[in-house]
Amino acid sequence: MRVIRTVDELRREVGEARRSGQRVGFVPTMGALHEGHLSLVSAARAASGVVVVSLFVNPTQFNDQADLAAYPRDEERDAALAAGAGADILFAPGVTEMYPDGYATSVHVRGVSEPLEGAHRGASHFDGVATVVTKLLVAVAPDVAWFGQKDAQQVAVVRRLVTDLGLPVRIETAPTVREPDGLAMSSRNMRLTAADRPRALALKAGLDAVAEAVASGADPRGAEAHGVDVMRERGVEPEYLALVDPGSFAPATDLALPSLAVVAAKVGDVRLIDNLPICPQPHTEEPS
Ligand code: AMP
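Where an unreviewed UniProt entry is consulted, the protein appears under the name Pantothenate synthetase, with the organism given as Tessaracoccus lubricantis. One UniProt comment on the protein, placed under Sequence similarities (unreviewed entry), says "Belongs to the pantothenate synthetase family." According to UniProt, the comment filed for the protein under the heading Subcellular location (unreviewed entry) is "Cytoplasm".

Chemist: So, the UniProt feature "active site" (unreviewed entry) in the protein: which residues are in play, and what are the values?
Modeler: When the UniProt feature table is mapped onto this chain, "active site" (unreviewed entry) is found at His37. Relative to the assigned elements, His37 resides in helix H2 (residues 35-47). Assessed through its relative accessible area of 13%, His37 is described here as buried. Those residues in contact with His37, other than ones at most four positions away along the chain, are Thr29, Gly31, Ala32 and Ser187. There is a polar contact of 3.0 Å between the side chain of His37 and the backbone nitrogen of His34.

Chemist: Let's hear about the site of the ligand: which residues, and what values?
Modeler: Taken together, 17 residues lie near the ligand, and Met30, Gly148, Asp151, Val177 and Met185 sit nearest. Interatomic distance of 2.9 Å between a backbone N/O atom of Gly148 and an oxygen atom of the ligand. Out of a free accessible area of 480 Å², the ligand has 93% covered by protein chains. Of the residues forming the shell around the ligand, the biggest block, three residues, is contributed by H2. Here the shell around the ligand is composed, by residue class, of eight nonpolar, seven polar and two charged.

Chemist: Could you give an account of the environment of Ala139, naming the residues involved and the relevant values?
Modeler: Mapping Ala139 onto the fold places it in helix H7 (residues 123-140). Assessed through its relative accessible area of 6%, Ala139 is described here as buried. When the C-alpha positions of Ala139 and Thr6 are compared, they lie 9.5 Å apart, and in sequence the two are 133 residues distant.

How each quantity is defined
Residues numbered from 1 in each chain as written. Predicted model: local features only at pLDDT ≥ 70, side-chain atom pairs only at ≥ 80, totals over all residues. Heavy atoms only, no water. UniProt positions renumbered as here; feature names shortened; annotations may be inferred. Helix = DSSP H or I, 4+ residues; strand = E, 2+ residues; numbered from the N terminus. Buried < 20%, exposed > 50% of the residue type's maximum accessible area, 1.4 Å probe, protein only. Contact = heavy atoms within 4.5 Å. Polar contact = N/O pair within 3.5 Å; in protein donor to acceptor, adjacent residues only side chain to side chain. Near = heavy atom within 4 Å. Areas by Shrake-Rupley, 256 points an atom, 1.4 Å probe, with all protein chains shown as cover. Nonpolar A, V, L, I, M, F, W, Y, C, P; charged D, E, K, R; others polar.

Next up, the structure:
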């Protein structure tokens, strides 16, 4: 695996591979790699001739400077893990390579970026995500880019910008990878204190409670309220716990259609998110 720091060198390297007929798969990350990231690298490996993984802690998507400062960084470890999962190129640019002096351009996706994560982290969060993903897709020019369903709203924002800007890339997703007890893997989990780690299970418990309530016939707002109660019983106050349309992230109104339960909460100092797809319940006739 080669470590590349500049866009020019990346273009030369990937261009050569493409000219030799290889398909290019791309996995953008902010590092602190875990099994969730590596599942995306493995999926890209299985589907492409060349696999590019990017490692860039994007400062413009952090609304909280303390969160940016505390973000775990260990390039040596990440490089070994990425290579082990099948990456051919690790693109690890410095901040000035991505945002040169005088940088003044931003990509803003209206609509789907506004509720939930957009409302709670501030509009600048998804502007930062949309801008860096656009820049990375232009730099790597992959055939396919892989994203985790764990960050479902991010995927919806990326799909929107790819369609709107006509970028020639297919977006693929892979399911959320969880710890054995159900906690969604996240680079932030390592910052949970020993006392907070069990409380972090409240997010998944809240989502499961929403799914159970839907299965037993609750309406969307009733199901959300039940999920919130379950989280509070576990000592965690959600920032939001909502049933939404998986495309627009508007509140779900018709549970005969697929929906998505999404949640965010601070556990101690650590802000976590998770989500769970909710399938429509098959209509069962009462026995006569
Ligand atoms: P990040 O480094 O947090 O920006 O994440 C990089 C990519 O890994 C994003 O597409 C995330 O959605 C994905 N990802 C993060 N956590 C998980 C997980 N637990 N399971 C699957 N994908 C994940």
